[in-house]
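# Commentary on secondary and tertiary structure
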Amino acid sequence: MTVRRLGTCLSAALLVSAVLPVSVRADTIDEKAAVCSSCHGEKGVPTEKNIPIIWGQQEGYLYLQLRDFKKGARKNEIMNGIAESLEKDDMKELAAYFAAKSWPNLDQASASDADVAAAKTANSAVGCSACHLDHFQGTGTVPRLSGQSHEYLTKTLAEFRSGERANNPGMTSLAQATPEPDLKAMEAYLAGL
Ligand code: HEC
Ligand code: HEC
């Protein structure tokens, strides 16, 4: 009993001392993140279908994309403008902030049996999951794909293929080497996971 009460006091004290400095920092990052939420969503569900989920995305990947948008290595009018005003520390902080959130469920349709079969065959041939990992959860600078917005996956793979998204030559070659119907099946499969 006494031990348990002591434990409660101790954790309450730890909580207070831990929460105070964190909440001071949280105000700043919350302000920085608020602008992002107007498009990427208050609860992580993007406001438009062609805007990607960033909640729960890999931290290393989020940072690299912000850096690439700032450098102009990845072109997108909206994100280039936003990243321009960010310093390296802001980008690191925002990447850590969004990576720590939980991935939202967009309730997208599961892929048809035909798309699942075609996607599995394409994955065996190209080895997407060798980098994106078995459940397409990504790791480090390799993004999570499972449950990502279908429209966004279609848009960005088409842009890798056309060379419009040129910040990763490896993904460009892979998208060009994969027949378009296989990519369509992969997009439906990944969105439905
Ligand atoms: C006005 C809408 C808008 C705002 C505000 C916005 N974004 Fe974006 N963001 C987009 C769109 C659209 C894309 C997709 C760009 C593309 O298709 O290449 C995107 C892409 C991204 C990506 C790439 C994700 C991926 O899967 O490759 C990251 C990271 C990102 N945004 C982070 C942020 C952060 C952090 C903020 C706030 C500082 C922010 N965005 C604010 C619209 C917005
Ligand atoms: C050799 C490792 C590797 C393989 C194999 C690979 N990818 Fe990728 N993929 C990456 C990396 C790294 C990125 C991040 C590129 C960047 O930094 O912009 C990426 C990015 C992507 C994106 C963009 C995600 C986003 O949020 O914008 C999609 C979609 C994608 N890959 C799909 C696939 C598919 C489908 C396959 C199989 C046909 C595949 N990848 C195979 C490494 C790989």
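An unreviewed UniProt entry lists the protein under the name Cytochrome c4, with Lichenibacterium minor given as the organism.

## A look at the coordination of the iron atom of ligand 2
Only His-132 (NE2) and Met-171 (SD) from the protein reach the iron atom of ligand 2 as donors, at distances of 2.0 to 2.3 Å. Taken together, the six donor atoms surrounding the iron atom of ligand 2 define angles of 86 to 179 degrees at the centre, an arrangement classified as octahedral. Of this pair, His-132 sits in helix α6 (residues 128–132) while Met-171 sits in helix α8 (residues 169–177), and the two are 39 residues apart along the sequence. Residue classification places His-132 among the buried positions, given a relative accessible area of 10%. The exposure class assigned to Met-171 is partly exposed, which follows from its relative accessible area of 21%.

## Side note on the layout of surface pockets
As a volume, the second largest pocket reaches approximately 150 Å³. What lines the second largest pocket is simply Val-45, Pro-46, Glu-48, Lys-49, Ile-51, Leu-106, Gln-108, Ser-149, His-150 and Glu-151. For the lining of the second largest pocket, the per-class residue count stands at four nonpolar, three polar and three charged.

## Some thoughts on the site of ligand 1
Around ligand 1 there are 22 residues in total, and Cys-36, Cys-39, His-40, Met-79 and Lys-155 lie nearest to it. Note that an oxygen atom of ligand 1 is positioned 2.6 Å from one of the side-chain N or O atoms of Tyr-61. A distance of 2.4 Å is found between an oxygen atom of ligand 1 and a side-chain nitrogen or oxygen belonging to Lys-155. Secondary structure elements with two or more residues in the shell around ligand 1: α1 (2–40), α2 (59–71), α3 (77–84), α4 (88–99) and α7 (150–162). Its residues placed into classes, the shell around ligand 1 shows 16 nonpolar, four polar and two charged.

## Observations regarding the site of ligand 2
Around ligand 2 lies a shell of 21 residues, among which Cys-128, Cys-131, His-132, Tyr-152 and Met-171 are the nearest. Taking Arg-165, its side chain carries an N or O atom lying 2.7 Å from an oxygen atom of ligand 2. Of all the secondary-structure elements, those providing two or more residues to the shell around ligand 2 are α2, α6, α7 and α8. Its residues assigned to classes, the shell around ligand 2 comprises 12 nonpolar, eight polar and one charged.

About the cut-offs
- Residues numbered from 1 in each chain as written.
- Chains lettered and ligands numbered in written order.
- Predicted model: local features only at pLDDT ≥ 70, side-chain atom pairs only at ≥ 80, totals over all residues.
- Heavy atoms only, no water.
- Donors = N, O, S within 2.8 Å, 3.2 Å for Na, K, Ca; no water.
- Tetrahedral: all angles 85-135°; square planar, octahedral: opposite > 155°, others 65-115°.
- Helix = DSSP H or I, 4+ residues; strand = E, 2+ residues; numbered from the N terminus.
- Buried < 20%, exposed > 50% of the residue type's maximum accessible area, 1.4 Å probe, protein only.
- 1 Å grid on protein atoms, 1.4 Å probe; cavity = no way out; pocket = protein on both sides within 12 Å on 5 of 7 lines; lining within 4 Å.
- Points joined across faces, edges and corners; volume = space filled by probe spheres on them.
- Nonpolar A, V, L, I, M, F, W, Y, C, P; charged D, E, K, R; others polar.
- Near = heavy atom within 4 Å.
- Polar contact = N/O pair within 3.5 Å; in protein donor to acceptor, adjacent residues only side chain to side chain.

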